[in-house]
Structures are given as C-alpha cells and as structure tokens.
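Each chain, letter by letter, is given below.
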Amino acid sequence: MPRWTDIGRTTAPMVRQLHDYWQSKRRGRDIPDRTDIDPAEIKPLLPNILIADASDPPFRVRYRLIGSRIAAASGMDLTGRYLDELIAADEEGHWLEFYEEAWRRRIPVYGEVTVPTLHGDEFRYEFGIFPLSRGSDDIGQFIAIEDYGGREPRLKQIEDRIAPWRESGEGER
C-alpha cells in the first residue's frame, strides 16, 4: 500500500478537507489537541471518519469511533477494537506502520489502498491519518478518514480475514 506525507499527492477531496481542517486547528503548534476538533465543523466528513486512541508501550491503536460508511464498507463496527486484534485483516502490518509513523513523526500520513470487494472486483480509496494531542504534548489520538470517492463499496478484505477471530468468540465483548 503506497503512503506519503505530502498532501500534494492526495487526490481525494475528503482527505484534503480534513487536512485543511486539521491544519487550521494547529494554531502555531505542530499538532492540534483533540479538544480543538469540533465534529459540528466537519459534519459532512463524519461518516468517513475514524477516531483512534494511541497507547505506548507497546504502541497500539484502539478504534474509539468508526464512521457509518466505514462500518458499512468493512461489514462490521470496529469501535472498541485494537488494530493488532484485527491483524489478520492486515497481514502485512501496513496500517499499524502508518499510524506509528504519524505518531512518531507527529505528522499526517496519507496513502491509497486497493482491496477486493464482495463482487470480486478491486476497489481503490485514499486515506489520511492525523495525530492529535490530548491535553499534553504527547500524541494520544488520531483522527483519520477514508475517502471512497462517493461510492459505497462493500469490501471483502475484513470480512474474509476476520472470520477466525469472530469464530473464536473474541469478537463478542
């Protein structure tokens, strides 16, 4: 999955909108605080937004909020789950690397993903991961977005690879 840190490479309008909003909330700091983010100001983006908590050590990402379009595309609500619990859906570990880069370098990370759909075709979308502080200088959260280009995909990626996790009973908490 290609990734980059230059917003100029991003073609997805929603990723660019969240980038501009995140930049406006920095107010001279390298990253904004979570309290600077007002969901009412980004209402059109909310169905495509993820809010995730960061923890360390070891570095982990826990999904606090999943937008309705992301839940529909993945076929499940990942709220409350840790990214490393879903590692079967990300066998190469790219998502954790992307979050960790944003966390370590204190910068947004952008990229594109190509995944199979339930219909057997491939679907490409862009994403952005933006670090946020939580009342201190440390990064405590991320606001991220997935821009599906106005389409409503049903991605095969998570449903196929998460089945062993679901069947083991761990998915029922």
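Residues numbered from 1 in each chain as written. Predicted model: local features only at pLDDT ≥ 70, side-chain atom pairs only at ≥ 80, totals over all residues. Heavy atoms only, no water.

**Q** Account for the overall build of the protein chain, naming residues and giving values.
**A** Helix and strand content of the protein chain: four helices and six strands. Along its sequence from the N terminus, the protein chain presents helices and strands in the succession β-α-β-β-α-α-β-β-β-α. Looking at the protein chain residue by residue over its 173 residues, the buried ones come to 48%. Here the contacts in the protein chain between residues at least 6 apart in sequence split such that 58% fall between residues at least 24 apart. Within the structure as shown, the protein chain displays about 8,700 Å² of accessible surface, and the carbon and sulfur contribution to it stands at 47%. (Helix = DSSP H or I, 4+ residues; strand = E, 2+ residues; numbered from the N terminus. Buried < 20%, exposed > 50% of the residue type's maximum accessible area, 1.4 Å probe, protein only. Contact = heavy atoms within 4.5 Å. Areas by Shrake-Rupley, 256 points an atom, 1.4 Å probe, with all protein chains shown as cover.)

**Q** Would you mind going over helix 1 (residues 13-24) in detail, with residue names and values included?
**A** Between its first and last C-alpha atoms helix 1 spans 17 Å; for twelve residues at 1.5 Å apiece the expected length is 16 Å, and the two agree. All of the buried residues along helix 1 are Met 14, Val 15, Leu 18, His 19, Tyr 21 and Trp 22. In a view along the axis of helix 1, the buried residues occupy a sector of 165 degrees, so they form one face of it. On the buried face of helix 1, the contacting elements are strand 2 (49-55), helix 2 (68-74), strand 4 (109-116), strand 5 (122-133) and strand 6 (139-147). (Expected span 1.5 Å × (residues − 1). Arc of directions from axis to C-beta.)

**Q** Explain the pattern of salt bridges to me, and be specific about the residues and the numbers.
**A** One pass over the full model with this rule turns up twelve salt bridges. Here Arg 3 makes a salt bridge to Glu 101, at a shortest N to O gap of 2.5 Å. Taken together, the residues span a long stretch of sequence, with Arg 3 in strand 1 (residues 3-4) and Glu 101 in helix 3 (residues 94-105) at a distance of 98 residues. Using a relative accessible area of 41% as the deciding quantity, one classes Arg 3 as partly exposed. (Salt bridge = Lys/Arg side-chain N within 4 Å of Asp/Glu carboxyl O.)

**Q** For the environment of Phe 98, give the residues involved together with the corresponding values.
**A** Mapped onto the elements of the fold, Phe 98 is located in helix 3. Under the relative-accessibility criterion, Phe 98 is labelled buried at 1%. Counting along the chain gives 13 residues from Phe 98 to Gly 111, while the straight-line C-alpha distance between them is 8.8 Å. Phe 98 has contacts with Met 1, Arg 3, Val 109, Phe 127 and Ile 129, leaving out every residue within four places of it along the chain.

**Q** Could you give me a rundown of the sheet that holds strand 3 (residues 60-66), with the residues and numbers involved?
**A** Read from one edge to the other, the open sheet built from six strands follows the order 1-4-5-6-2-3, with strand pairing classed as antiparallel. With partners counted over all chains shown, the strands left at the sheet margins are strand 1 and strand 3, one partner each. Where strand 4 meets strand 5, eight bridges bridge the pair, whose relative direction is antiparallel. Note that in strand 5 the partner of Val 113 across the bridge is Tyr 125. Taken strand by strand, helix 3 contacts strand 1, strand 2, strand 3, strand 4, strand 5 and strand 6, and its axis lies near 30 degrees from that of strand 5. (Pairing = 2+ DSSP bridges. Axes fitted to C-alpha atoms, helices over the stretch in contact; angles between N-to-C directions.)

**Q** I'd like to hear about unusual backbone geometry, residue by residue, with values.
**A** Geometrically, the link from Asp 56 to Pro 57 is a cis peptide bond, its omega value of -15 degrees lying close to zero. Between Pro 57 and the following residue, Pro 58, the backbone shows a cis peptide bond with an omega angle of -15 degrees. Among the structural elements, Pro 58 can be located in the loop between strand 2 and strand 3. The phi angle at Arg 27 is positive, at roughly 50 degrees, despite the residue not being glycine. Even without being glycine, Arg 106 reaches a positive phi, approximately 60 degrees. For Arg 106, the position within the fold is in the loop between helix 3 and strand 4.

**Q** An account of the confidence of the model for the protein chain is requested, with residue identities and associated values reported.
**A** The predicted coordinates ought not to be read in detail in places where the model reports low pLDDT. This prediction gives the protein chain a mean pLDDT of 86; 84% of its residues lie at or above 70. Ranking the elements of the protein chain by mean pLDDT puts helix 4 (residues 156-167) last, at 44, and helix 1 first, at 98. Between residues 157-173, whose pLDDT stays under 50, and residues either more than four places distant or in other chains, the model counts 30 contacts. (pLDDT = per-residue confidence, 0-100.)

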